[in-house]
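This is what each chain is made of:
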Amino acid sequence: MSLPDDYLRYPHRRYGMDQDRYPWRLSIDRPRLAWPEGKAVALMIVVPIEHHMLNPSGKPFKHPGAMQTPYPDLRHFTTRDYGNRVGVFRILRELKAGGLRAVFPINGAVLGRFGPLIRAIEADGHEIAAYGWDTDSLHWGGIDLDLERSLVAKTRAAFDSHGLRPTTWMSPARQQSFATLDLIAEQGFTACLDWEMDQVPVAVQTAMGRLTCVPLFNELDDRKLLIDQRQTEAEWRDQILEACAHLKAEHARFGGQVLSFTLTPYVSGQPFRLWAVREALSALAADPAVWNADAAQMAEASA
Amino acid sequence: MRADPNLYDYWPYQERPKIVWPGGKKLAFWIAPNIEFYEFDPPQNPARPGWPRPSPDIVGYSQRDWGNRVGHWRLMELLDQYGMKGSVSLSIGLIDHHPEIIEACVERDWEFFSHGVYNTRYSYGMDEAQERAMLEDSIASVQNATGQRIRGYLAPALTHTERTLDLIAEYDFWYSCDLFQDDQPQPLKTRTGKLMSMPYSLEVNDVITYGALAMSPWRYADVLKRHFDQLLEEGAESGTVMCVPLHAYLVSQSHRVRAFGEALRHIAAHADDVWITRAADIAGFYREHCWDHTLEDIARRGLATGGTGFAP
């Protein structure tokens, strides 16, 4: 048996990208970004508010954090719920102590469930972003276009009904279909946190015009480092501060760039991890080279 | 299958009514030694094998036997040293296999609660009569061996059915250790009875820290101290609960037990602010002094959604 002949044909083999959402551009060739007040590093902290239901389909793949043992997996249901009940309030307190503003992507399906949390996030002046419908409604290459369009519309409607008008979108599990960027632009989203192709925000083309992808760095994801890779809290804190120092050192050559990372409530909001959150945030808050901003502000400042 | 078990209402951590533990203490601290029996050749449950490898899983089985022969005794001496009592998560079958361990716990005035009959017999697939039989066995066996009426439950190997919490509430259990949503107790929405969730912990449970998170002994000791320090600080606003669930076959190993002792020393040094106690004592106090305030607060904030867990 052999592969079909066209397996060795390469229709997109040419200079630059193999898709037309955005052009190829070397970091050395990009125009220098000037963040407000001449700051070197734009800091975006992302606190994902995701609800993990007891009976996910897990199709086409499990969202990180989804149930693991046979139904009813009360163990994982409640450990995830801990984040939205308890852990997130510790994170809010530390953000406030540092005078920091973060982005809170929230699943549309749980806006009603977490009313007091939404009000606390708003009261502290953070940016609220749409985080898709729920953790079991993934946007992916095989999704039906009408179904995906309805998911985005349903998510927008849920935010509308709670008097919220987010302009930033993050997809569940940060996964997309080939059409997701068009569909979120259609619903008025102007920034997206799924792509991380540069150290600065990148404008991408959609059927409805331009949209800005503000990079969120998966390699600094707290869940990935602390849970999947079993790193220590001290190692995690050190890497955040190392990234900040590196971007400051590059400022003269590359201009303003972005430092971003997640604080996942059920991970970073654990009592035994909070000291490292506090140390990382207070160091960043005290750094005169850091411009703390949300996704909407970064998209605007980089336009 | 339900998306949300509806076992408790969403209740944010901020601005809760203040809990003050007996003696004006800020943090209720309890230790849960899991005293377990794993069968050499358990019957197969369709939802999960008894052992990760085919039975007999020699290393797994004999390591747990080591815990019963060596490990628990090291842990008991350590707790004695700091005047701490255990609340034992007990495989009920162990009463028959190793009564010496039970007697040593009784002498120390430790509490027992049920962790199923064997940690190799799961709740998955049990019908109501079978689950009732297992619970009645638990109550009667501990009563006969020790005179104690058990008040707590941790499902064997954390395996549940939709009716587990309703059943234990009906049998007048006071607390469940199976829910991990909080650092304070909360009333559970059962059909009858008065059952609460008791903060147990997976995060600082030695199975997780030494297994899934692959910590070294001194890192585990550091994590316990930091966890304790944070919860003690927050306990000044409203009393918190910290539990350290342990498995002697892990924590009592020769290369680990000294580091754990250091963490206990740190905790014992804060005895002025900490209620070092047993789970049933926390539950008893909570039922009497905090239960009603919690429900009132949930209702006042418009967060009471009604219904009971897994109700159709």
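Only a predicted model underlies this, so the values are computations on that prediction, with no experimental measurement involved.

A. Looking closely at the nonpolar core. Core analysis: the largest hydrophobic core is formed by 101 residues, its most contacted members being B:Trp30, B:Leu90, B:Tyr175 and B:Phe260. Ranked by size, the runner-up nonpolar core spans 66 residues in total, among them A:Tyr82, A:Val88, A:Val152 and A:Leu181.

B. Spatial organisation of the interface of chain B and chain A. Taken together, the contacts link 46 residues of chain B with 38 residues of chain A. A combined buried area of about 3,800 Å² lies between chain B and chain A, and 58% of that area is made up of carbon and sulfur atoms. Our count for the chain B to chain A interface comes out at six salt bridges. Close ionic contact of A:Arg90 with B:Glu234 constitutes a salt bridge, the shortest N to O distance being 2.5 Å. Where chain B packs against chain A, one counts 22 residue pairs in polar contact (both at pLDDT 80 or more). Counting only elements with at least two residues in the side of chain B that touches chain A, the list comes to α6 (206-212) and α7 (217-235) of chain B. Ranked by the residues each element gives to the side of chain B that touches chain A, the list is headed by α7(B), at seven residues. When its residues are assigned to classes, the side of chain B that touches chain A shows 25 nonpolar, eight polar and 13 charged.

C. View of the pairing of strand β3 (residues 127-130) of chain A. Residue and element names in this part refer to chain A. The two faces of β3 match: Glu127 and Ala129 on one face and Ile128 and Ala130 on the other face are all buried. Here strand β2 (residues 103-106) pairs with β3 via four bridges, running parallel. By the bridge assignment for β3, Phe104 is matched with Ile128. For the crossover that starts at β2, traverses helix α2 (residues 115-123) and ends in the parallel β3, the hand is right-handed.

D. Quick peek at the environment of B:Leu158. You can see B:Leu158 is positioned in the loop between β4 (152-153) and α5 (164-170). Dropping the residues within four chain positions of it, B:Leu158 is found in contact with A:Arg75, B:Tyr124, B:Asp178, B:Phe180 and B:Leu202.

E. Quick look at the side chain of B:Asp206. All names here are of chain B. Structurally, Asp206 can be placed in helix α6. Notably, Asp206 is buried but unbridged: the nearest opposite-charge side chain belongs to Arg256, and the N-O separation is 7.1 Å. The contacts of Asp206, once residues within four sequence positions are left out, are Gly211, Tyr220, Pro245, Leu246, His247, Leu250 and Val251.

F. Region of interest: a nonpolar patch on the surface. Residues A:Leu3, A:Tyr7, A:Leu8 and A:Tyr10 make up a contiguous nonpolar surface patch of about 500 Å² in total accessible area. Counting through the fold element by element, A:Tyr10 comes out in the segment before β1 (41-46).

Conventions we followed
- Residues numbered from 1 in each chain as written.
- Chains lettered and ligands numbered in written order.
- Predicted model: local features only at pLDDT ≥ 70, side-chain atom pairs only at ≥ 80, totals over all residues.
- Heavy atoms only, no water.
- Core = buried A, V, L, I, M, F, W, Y, C linked by side-chain atoms within 4.5 Å.
- Buried < 20%, exposed > 50% of the residue type's maximum accessible area, 1.4 Å probe, protein only.
- Contact = heavy atoms within 4.5 Å.
- Buried area = accessible area lost by both parts, 1.4 Å probe.
- Salt bridge = Lys/Arg side-chain N within 4 Å of Asp/Glu carboxyl O.
- Polar contact = N/O pair within 3.5 Å; in protein donor to acceptor, adjacent residues only side chain to side chain.
- Helix = DSSP H or I, 4+ residues; strand = E, 2+ residues; numbered from the N terminus.
- Nonpolar A, V, L, I, M, F, W, Y, C, P; charged D, E, K, R; others polar.
- Pairing = 2+ DSSP bridges.
- Right-handed = clockwise from strand over helix to strand, strands pointing away.
- Lys, Arg positive; Asp, Glu negative; His and termini not counted.
- Patch = residues over 30% accessible without salt bridge, like charges linked within 9 Å, V, L, I, M, F, W, Y side chains within 5 Å.
- Areas by Shrake-Rupley, 256 points an atom, 1.4 Å probe, with all protein chains shown as cover.

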